[in-house]
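What follows is the residue order along each chain.
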Amino acid sequence: MFNLILFGPPGSGKGTQSAKIIEKHGLKHLSTGDLLRSEISRQTALGIEAKKFMDKGELVPDEVVIGMISTVIDANPTCSGFLFDGFPRTSAQAEALDKLLEFKKCTINVMLALEVGEEEIVQRILLRGKTSGRSDDNNESIIKARIKEYKDKTEAVADHYRQFDKVVMIEGEGTVEEIFEKLDVEIVKRIPAKEQEASTLND
Ligand code: B4P
């Protein structure tokens, strides 16, 4: 199994780049943001609870997110690996993920961390807000709250994986294609040959 974390501040392009990585390498995409938005649109109890936090730019409580991830990992016993997008976002989530993977006798292979400046992030998210319909995208004070949550609670997650020498920083400003090429070089270096053959067949 090849397991990758795509990391970075809100609006750094995790969702955008995940789509391209999945297309080329065929990992199972696991975006906690997408999973939470799906719960909200289906108006489940979990979604109604999560929306209260997301609308304020705050992180959803760890136990909710960890339970959701655990369900998806268990439902995909035979996949070639996971691309974790937007997860883990706190140290407690990182520790829970390590334990879930340990049960499966595998681990995180690499964390690719996108670096994007705050001004660029705010502009990107406001632009997306014009069409996304996301209530957390079109108000600058909510976007700033998301950035503050990232600095206060999420940045430390990179330190957790740095102690195992698993973090690679990637310049996240430039065209989508330029950034994808930099990410892809790091993936190809690490992905096992078996998985590479499967993704070439998919090309
Ligand atoms: P997420 O859904 O994870 O979203 P995100 O941080 O907004 O964005 P991402 O980095 O994926 O950016 P994207 O590619 O879309 O989180 C939303 C909320 O869910 C959180 O605030 C939190 O409340 C909750 N949540 C999610 N996971 C959680 C967890 N684990 N624990 C607790 N709470 C959790 O790109 C952004 C925009 O930039 C797009 O419009 C895109 O087109 C544009 N863009 C991308 N690349 C570009 C480039 N190179 N140049 C210019 N524009 C670019």
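Being a predicted model, the structure only gives us computed values, none of them experimental. Position numbers for residues count from 1 along each chain, tracking the sequence in the order it is written. Local features in this predicted model are restricted to residues whose pLDDT is 70 or higher, and side-chain atom pairs enter the listing and the counts only when it is 80 or higher, whereas totals over whole chains, interfaces and linings include all residues. The basis for every side-chain value is the complete set of heavy atoms in the structure, and neither hydrogens nor water enter the calculation.

## What about the site of the ligand?
So, point 1. Neighbouring the ligand are 30 residues, the closest being Thr16, Thr32, Glu58, Arg128 and Arg146.
So, point 2. Glutamine 93 places a polar side-chain atom, nitrogen or oxygen, 2.9 Å from a nitrogen atom of the ligand.
So, point 3. Within the complex, the protein chains bury 87% of what would otherwise be the 1,000 Å² of accessible surface of the ligand.
So, point 4. Of the two site types, the cavity is a set of points on a 1 Å grid over the protein atoms alone where a 1.4 Å probe fits but cannot get out, and the pocket is an open set with protein on both sides within 12 Å along at least five of seven lines, each lined by residues with an atom within 4 Å of a point. Molecule-in-pocket calls rest on the fraction of atoms, with more than half required to lie within 2 Å of the cavity or pocket grid points. According to the grid-proximity analysis, the pocket containing the ligand is the largest pocket. Proximity is defined per residue: any heavy atom of the residue falling within 4 Å of a molecule or strand makes that residue near it. Throughout this description, a polar contact denotes any pair of N or O atoms lying within 3.5 Å of each other; where both atoms belong to protein, one of them has to be capable of donating a hydrogen while the other can accept it, and for residues adjacent in sequence the pair is counted only when both atoms sit in side chains. A 1.4 Å probe and the Shrake-Rupley method give the accessible areas. Residues count as covered only by the protein chains that appear here.

## Topic: the pattern of salt bridges
So, point 1. Put simply, a salt bridge is a Lys or Arg side-chain nitrogen that is within 4 Å of an Asp or Glu carboxyl oxygen. Throughout the structure, instances matching the rule amount to 20 salt bridges.
So, point 2. One salt bridge in this structure joins arginine 37 and aspartate 34, with 2.9 Å as the shortest N-O distance. Within this pair, arginine 37 and its partner aspartate 34 are both found in helix H2 (residues 32–41), separated by three residues, close to a single helical turn.
So, point 3. A cluster of three or more residues bridged by salt bridges with shared partners is formed by Arg128, Arg134, Asp136, Asp137 and Arg146. Only DSSP runs of H or I with at least four residues qualify as helices, and only runs of E with at least two residues qualify as strands; both kinds are numbered from the N terminus onward.

## What about the packing of aromatic side chains?
So, point 1. Centres within 6.5 Å make a pair out of two Phe, Tyr or Trp rings, where for Trp the six-membered ring is used; the pair is then stacked when the planes are under 30 degrees apart, edge-to-face when over 60, and tilted otherwise. On inspection of all chains with the given rule, the structure shows three aromatic pairs.
So, point 2. With a centroid separation of 6.0 Å and an interplanar angle of 45°, the aromatic rings of phenylalanine 7 and tyrosine 150 are classed as tilted. Taken together, the positions of phenylalanine 7 in strand E1 (residues 4–7) and tyrosine 150 in helix H7 (residues 140–162) put the pair 143 residues apart, joining distant regions of the chain.
So, point 3. An angle of 35° between the planes, with centres 5.7 Å apart, marks the rings of phenylalanine 82 and phenylalanine 84 as tilted. Assigned by exposure class, phenylalanine 82 and phenylalanine 84 land together as buried.
So, point 4. Members of the aromatic cluster, joined through ring pairs, are Phe82, Phe84 and Phe87.
So, point 5. It is lysine 20 that lies over the ring of phenylalanine 180; its NZ or CZ is 5.3 Å from the centre. Partly exposed residues are those whose accessible area sits between 20% and 50% of the maximum for their type, while under 20% is buried and over 50% is exposed, using a 1.4 Å probe and protein chains only. The criterion is that NZ of a Lys, or CZ of an Arg, lies within 6 Å of the ring centre and within 35 degrees of the ring normal, and then a charge sits over that ring.

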